[in-house]
Amino acid sequence: MTLFLRLRKLALAGALLLRGTYLAAQAPAAATLLQPAAVFDGETLHPGWAVLVEGERIRAVGPANQMPIPTGVRIVALPGLTLLPGLIEGHSHLLLHPYNETSWNDQVLLESQALRVARATAHAQRTLQAGFTTARDLGTEGADYADVGLKQAIEQGLIPGPRLLIATRALVATGCYGPKLSVDVAVPQGAQEVSGPDEIVRAVREQVGKGADVVKVYADYRLSATGPAVPTFSQDELNLLVTTARSLGKPVVAHASTPEGMRRATLAGVETIEHGDGGTPEVFRLMRQRGVALCPTVAASDAISQYRGWRRGQSPEPERITQKRQSMQAARKAGVALAIGGDVGVFAHGDNVRELELLVQEHGLTPLEVLRGATSGNAHLFHLPDRGRVAPNLLADLVAVQGNPTTDVQALRQVQWVMKGGVVYRQP
Ligand SMILES: [Zn+2]
């Protein structure tokens, strides 16, 4: 072979490899045997286990020496790595980027939808590369139904990204969201404004009809840039909103940070409350009784405080952070289930593990608790029985990391290998 031909062949092989790892265009291999150092199955760590993948599903999992090896199987050795279920991000906004780059107001008002979607495709790729194979994306924040197309593009293999649960536009009470520039000027809002039964029923049906997997409502919000949050929807409005979504088979999640907003959302029957900063022992007991989970988004509070100049350990702790610590303590004491999600978008996509790290480092959860939460726990809370565990017949959404993430949360920063639906998107 001439040098030219050899180089040409190398270039072609390189192009194919790029295609295979970058885009999901390549069909999954018939059968692949994964041989890591250990498998975390969503509950427990099993050293010496192996996983057999066929097509887009897991076929078998167990001790490597007892694993059936079909003829023609491709063996992928992952020495020294821990294999775990693909992580599930509980609260993202793929159509937002960090507020220290561009304020939320300016993103909603000044950025074109094309620009926001182009960014979102890069965000989706970074999320997947960080080991998050599913994300619950809780609102486009002014980008209309762009998440529907984004989800389709990922499903069709046009761009790499996590499997998405989407909320589309989300619902806010009329006049109770943002951006707000002046009382004299109406400007596009970050969510769909509704008041009263007719508008609520219509908007829920519109959003679900366009493709919302979950309906998101802002049960409270601040009325001015500096004012405190207040409950926005009445109890009757929230009840009707949840009933309407439920009859269409969709769960409702609520943004809420005031005790009264959280209480009304809980009584209405939402499934998760996002943020919950001002939660009291009483309201967390009510959530526990009603089976409502809390998605505390501690990383968003941390990021926003840092954007405002706070340096952990160097400057006095802002009230926001102290309040978060107290509400988290109360939630845990009441036994409220935690969804794991950081409100990523407020901070950089791909940095999703920040939420898990802070829950361990600042809020006293163990690495095993957050790892279970971000895999089998989130899968359970979000009604995704086909993922979140390493078990036969589940989707082959798998991640391999250096080290032991059941004892060291930082190991989740060392993602070496990512598979989604049997297709490899990242390798060492
Ligand atoms: Zn959010």
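About the criteria used
- Residues numbered from 1 in each chain as written.
- Predicted model: local features only at pLDDT ≥ 70, side-chain atom pairs only at ≥ 80, totals over all residues.
- Axes fitted to C-alpha atoms, helices over the stretch in contact; angles between N-to-C directions.
- Helix = DSSP H or I, 4+ residues; strand = E, 2+ residues; numbered from the N terminus.
- Parallel < 35°, antiparallel > 145°, perpendicular 65-115°, else oblique.
- Left-handed = near helix turned anticlockwise from the far one by under 90°.
- Contact = placed C-beta atoms within 7 Å.
- Nonpolar A, V, L, I, M, F, W, Y, C, P; charged D, E, K, R; others polar.
- Buried ≥ 20, exposed ≤ 12 C-beta atoms within 10 Å, placed from the backbone.

Novice: I'd like a description of the packing of helix α7 (residues 259-268) against helix α8 (residues 281-290), backed by residues and values.
Specialist: Relative placement of two packed helices is described by the angle separating their axes and the distance separating the axes. In contact at an axis separation of 10 Å, α7 and α8 are set at 15 degrees when each is read in the N-to-C sense. Our classification of the angle between α7 and α8 gives roughly parallel. Considering only the axes of α7 and α8, their crossing is left-handed. On α8, the residues that touch P259, M262, R263 and T266 of α7 are V283, L286, M287 and R290. Here the residues of the contact of α7 with α8 sort into 5 nonpolar, 1 polar and 2 charged.

Novice: Pulling in residues and values, what's your account of unusual backbone geometry?
Specialist: The linkage connecting G178 with the following residue, P179, adopts the cis geometry, with an omega of -5 degrees. Relative to the elements of secondary structure, P179 occurs in the loop between β9 (171-173) and β10 (192-194). With a phi close to 45 degrees, T297 is a non-glycine residue in the positive phi region. Along the chain, the position of T297 falls in the loop between β16 (293-295) and α9 (298-307). Take T297: there are 28 C-beta atoms within 10 Å of it, and that puts it in the buried class. For H383, which is not a glycine, the phi torsion comes out positive at approximately 60 degrees. By the element assignment, H383 lies in the loop between α12 (367-381) and β17 (398-402).

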